[in-house]
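Working through the structure, step by step
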Amino acid sequence: MKIPYLEFDDLTIGYGSKSKVKIVASGLSASLNAGELICLLGSNGTGKSTLIRTLCGFQKFYHGQAYIEGKKLELLDEKSISFLLSVVLTDRVHIPNATVKELVAYGRSPYTGLLGKLTKADMDIVELAITQCGLMHKCNDVLSGLSDGERQKVFIAKALAQDTPIVILDEPTAFLDLSSRVEVLQLLREIASRSGKAILLSTHDLDLALQMADRLWLLKAGGPMITGSPEDLIYNNVFQEMFQKQGVVFDNRTGLFRVEYPCRKELPVKGHGFEYVLLRRSFARKGIKIVHTETFDGFYIHIEATAGYPFCFFDNNRLLFREQSVEIFTNKVSSIIV
Amino acid sequence: MNTNFKFLNTFIIQGIIAFLFLIFLLNLILGSVSIPFPEVLKILAGKGTNVIWTNIVLRTRLPQTIVATGAGMALGVAGLMMQTLFRNSLAGPSTLGISSGSSLGVALVVLIARKAWLTTIYRMGFWGDTLVVVASFTGALFVLGLILYFSRKIGGSLSVLIMGVMIGYLSNSLVGILKYYSFEKDVHNYVLWGLGSFGRLPLERALPFGFITISVSFLCLFLSKPLDLIALGENYARNLGLNIQRSRNAIILVAGLLTAFVTAFCGPVVFIGMAIPHLAKLVSGTSNHFRLILNTCFIGGATALLCNLAARLPGIEGELPINSITAFVGAPVVISVIWKRRKENLMDR
C-alpha cells in the first residue's frame with residue numbers, strides 16, 4: 001500500500017502550558033495523499049488553526065499518532081520538516097524593503113548553506129514558482145505595494161519554492177475579495193492536480209470548497225472530524241445536520257447554502273419559470289412565501305412572461321396592477337397584504 | 001542576489017566605502033590644531049618630525065578615530081539585529097534600554113570597586129577593563145532578556161519601546177542610589193563616562209578595541225541567514241528549518257556583546273545604534289541581511305566618525321560630549337519612522 005503523505009489517528013489537539021492545558025478537539029483521524037486538495041472546514045473555535053499548527057509541528061499534540069511520509073511527527077526536527085512540508089500562514093509579515101523575489105527566495109533556505117547564498121538552480125526554481133503564481137511581472141516590486149490577493153500568492157510561491165510534497169495553508173482566502181478567493185483556490189487546485197503535491201487548507205468558503213476540494217475535513221465542536229468527498233458528504237446529509245440550527249438551509253440539489261427566512265404569510269402564484277424564481281427570492285425577504293396552488297381566490301399573483309409587464313397582481317380575478325420591476329411589485333404587494 | 005558580492009560593484013556601496021575612508025582621514029587631519037595632510041601621512045608612516053604633532057595624531061586623534069569607527073559599526077550592527085529580532089523598527093541599543101543595563105553594570109563595579117578592593121577600577125589595568133566589560137555585558141544581557149520576554153508577551157513596538165525607556169529610568173535611579181553611597185572621585189569618573197566619548201582610550205587599548213568591534217561586526221554576516229528567516233516571523237522561520245531558540249540566543253548574545261563592549265569603553269552612546277540600520281535600509285533597498293549588515297558596518301563607521309568630527313569642529317575648545325551630537329542624527333530618524341508608520345497604518349485601513 002502507498003504511504004499517505006500525511007496521516008493522523010485518534011489525535012487530541014489543544015494548547016496551553018504545563019499546568020493548564022486546553023483540549024480543543026480529540027479523536028481526529030484523517031490522511032492526505034499525493035495530488036489531493038483538501039479543505040478543512042468548521043466554525044470558529046472548532047480548532048482548525050490548532051489542527052494546522054499541530055500538523056506543521058509548531059505545537060505538540062496530547063494523544064494519538066501523526067505521521068509525515070510514514071515518519072513520526074514528534075520525532076522530526078525543524079530541518080527535516082522543512083523538506084517535507086511548507087506553510088502559508090495568517091501571520092502578518094512586514095519586512096521593510098522585501099521584494100517579491102527576495103521573499104520567494106527565502107523559501108529556498110532549507111537548501112542553501114551557511115550564508116544563504118542561492119545557486120543558479122535555486123534561482124530557476126524561485127522564478128518558476130513566481131511564474132506559476134502569475135507574478136513574474138511583479139517580480140521586483142516591494143511586498144508592501146501589493147494587493148492582499150497578490151501578497152497571498154507571493155507566500156504560495158514561497159511555499160512552492162520550498163519544493164515540499166505537502167503544502168499547508170491556514171485560511172489563505174480570508175481577507176480577500178471574491179475574485180481573488182476564486183483565483184487563489186484555482187491556483188491551488190492546479191498545483192495539486194499538476195504537480196502531485198498534497199494541499200491542505202482551512203477556509204470558511206463552503207461553496208468554493210465544495211466545488212474545488214477532492215475531500216473535505218469537517219471539524220465539529222467537540223465531536224470527531226468527518227471526512228469524505230464533497231459529493232459523499234452531501235449525499236449523506238452531513239451539511240444539513242451541521243447547519244440545522246443556524247437559519248441556513250443546505251440545498252442538496254444545488255450543493256449551495258440558502259438563508260432561511262421566517263415565513264409569516266403565503267401567497268398563491270400562477271405561472272413559473274425564471275420570473276417565478278426571482279419573485280420567490282424577493283418575497284422571501286419580506287417574509288412572504290409564494291406557493292403554487294390549484295384554486296385562486298382572494299389575492300394572487302399571475303406571471304405573464306410574454307407581456308412587457310409580466311408581474312400581475314389579482315384580487316378575485318380582478319387585475320389590481322402590473323409591474324415590470326420585481327422590486328416595485330414586491331413592495332406594492334407586500335404593503336397591501338401584510 | 002545571484003552572488004552576494006555582486007553588489008560590491010554597485011555605485012552606492014563604493015561611494016559609502018570611499019566616504020568612510022575620507023571621513024577617517026578627515027578625523028586625523030581636522031581638529032583644534034591644524035596639521036597639514038602630508039605631515040599626517042608621514043606621522044602615520046612613522047616618519048613624523050614634529051613631536052607635538054606626532055603626539056596629537058598618535059595619542060589623541062588616531063585612537064579616537066579607531067574607537068569611533070569600531071563603535072559605530074558595532075552599535076549599528078547590534079541595532080540592526082535587535083530591530084530584526086524584535087520586529088520593531090525603533091529598536092536599538094539605547095532605545096530599548098540595553099545601554100542603560102550596561103551602564104548599571106558598569107556603575108556597580110566602578111562605584112563599588114573602592115569599597116571592595118580599596119582602589120578605583122581604572123587603576124586595575126587589564127583586569128579592571130575585563131571586569132567593566134563583564135559587568136556591562138551582564139547588564140546588557142539582563143535587559144535584553146527582559147525586553148525579549150516582555151515583547152513576546154505584550155507585542156506592539158511602541159509599548160516595548162516605552163518599556164525600554166522605563167528600564168532606562170529604573171537603572172538610572174539605581175545608579176543614583178549607588179552614587180549616594182560612593183566617593184566623590186568615583187562619581188566624577190562615572191559621570192564623565194556617562195557623557196559618552198570615543199576619546200578615552202589610549203592607542204594601545206584603542207587598537208584591540210577596534211579589532212574586536214570591527215571583526216565581530218563583520219562576523220555577524222554569519223548570522224545573516226537566521227536574521228533573514230526571523231524577519232519572516234517565528235512560524236515561517238521554523239517551517240524553513242531554523243532552530244528558533246538557538247538562533248535567537250546567538251543573536252541576543254552577539255548583539256548584547258557588541259553593545260556592552262562599546263558601552264564599557266565609550267559610555268552609553270545614544271541613538272546611532274537605532275538610526276544607522278535605517279540609513280542602511282534606505283540606501284540598500286533590500287531585505288537581505290547579508291547586504292544590510294555590510295552596509296550597516298560601513299555606514300555605521302562613517303556616521304560615528306562624522307559625529308566625532310562634529311564634536312570637535314574647529315573653533316570649539318576641547319570637544320562636545322558625543323551624545324549631544326548623536327541625538328541630532330538619531331532623533332530625526334525616530335520621528336521619521338513614526339511618521340512613516342502613521343502613513344502605513346492609514347493605508348492598511
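Everything below is about the structure printed above this text.
First things first, this report covers the structure right here in the doc. Because the structure is a prediction, the values reported are computed rather than measured.

Quick look at the nonpolar core now. Core analysis: the largest hydrophobic core is formed by 182 residues, its most contacted members being F8, L51, L188 and W217 of chain A. Considering each element in turn, this core owes the most residues, 13 residues, to helix α13 (residues 289–311) of chain B. Every residue in contact with L188 of chain A, bar those within four places of it in the chain, is listed here: L37, I156, L169, P172, I199 and L201 of chain A. Judged by nonpolar contacts, the second largest core, of 15 residues, contains F283, I288, I290 and I303 of chain A.

Residues and elements named next belong to chain B. Their axes nearest at 7 Å, the elements helix α3 (residues 51–85) and α13 cross at an angle of 140°. Taken together, the axes of α3 and α13 are oblique relative to one another. Note on packing geometry: the crossing formed by α3 with α13 is right-handed. For the pair α3 and α13, the contacting residues are Q64, T65, A68, T69, G72, M73, G76, V77, L80 and T84 in the first and H289, L292, I293, T296, C297, G300, G301, A304, L305 and N308 in the second. Grouping the amino acids of the contact of α3 with α13 by side-chain chemistry returns nine nonpolar, 11 polar and no charged.

Counted according to the given criterion, the structure contains 16 salt bridges over all chains. Two residues, K197 of chain A and D163 of chain A, come together in a salt bridge whose shortest N-O distance is 3.6 Å. Linking K197 of chain A in the loop between α6 (178–195) and β8 (198–202) with D163 of chain A in the loop between α5 (148–162) and β7 (166–169), this pair joins segments that are 34 residues apart in sequence. Judged by relative accessible area, which is 10%, K197 of chain A ranks as buried. Judged by relative accessible area, D163 of chain A falls into the partly exposed class, the value being 41%. For the salt bridge of D315 of chain A with R318 of chain A, the shortest nitrogen-to-oxygen distance reads 4.0 Å. When salt bridges with common partners are traced through the structure, they connect E234, R238 and R248 of chain B into a single cluster.

This brings us to the environment of G145 of chain A. Note on placement: G145 of chain A falls in the loop between α4 (120–132) and α5. Each C-alpha atom, one on G145 of chain A and one on G14 of chain A, is 37 Å from the other, the two residues being 131 residues apart in sequence.

Look at any regular strand and the pattern is simple: side chains alternate between the two faces of the sheet. Residue and element names in this part refer to chain A. Of all five residues making up strand β3 (residues 37–41), five are buried, and the element is well covered by its neighbours. Side chains L37, C39 and L41 of β3 all project onto a buried face; the interleaved residues I38 and L40 project onto the opposite face, where all are buried too. Pairing geometry for β3 and β8, over four bridges, is parallel. In the sheet register, L40 faces β8, and the bridge partner there is S202. In the sheet, β3 pairs with strand β9 (residues 215–218) via four bridges, with the strands oriented parallel. Within β9, the position partnered with C39 by the bridge is L216.

Residue and element names in this part refer to chain A. The strand order across the open sheet formed by four strands is β2-β1-β4-β5, and the pairing between neighbours is antiparallel. Every interior strand has two partners, whereas the edge strands, β2 (21–32) and β5 (71–72), have only one. Inspection of the sheet shows strand β1 (residues 6–16) paired to strand β4 (residues 63–68) by five bridges, in the antiparallel sense. Within β4, the position partnered with T12 by the bridge is H63.

Rules used in this analysis
Residues numbered from 1 in each chain as written. Chains lettered and ligands numbered in written order. Predicted model: local features only at pLDDT ≥ 70, side-chain atom pairs only at ≥ 80, totals over all residues. Heavy atoms only, no water. Core = buried A, V, L, I, M, F, W, Y, C linked by side-chain atoms within 4.5 Å. Buried < 20%, exposed > 50% of the residue type's maximum accessible area, 1.4 Å probe, protein only. Helix = DSSP H or I, 4+ residues; strand = E, 2+ residues; numbered from the N terminus. Contact = heavy atoms within 4.5 Å. Axes fitted to C-alpha atoms, helices over the stretch in contact; angles between N-to-C directions. Parallel < 35°, antiparallel > 145°, perpendicular 65-115°, else oblique. Left-handed = near helix turned anticlockwise from the far one by under 90°. Nonpolar A, V, L, I, M, F, W, Y, C, P; charged D, E, K, R; others polar. Salt bridge = Lys/Arg side-chain N within 4 Å of Asp/Glu carboxyl O. Pairing = 2+ DSSP bridges.

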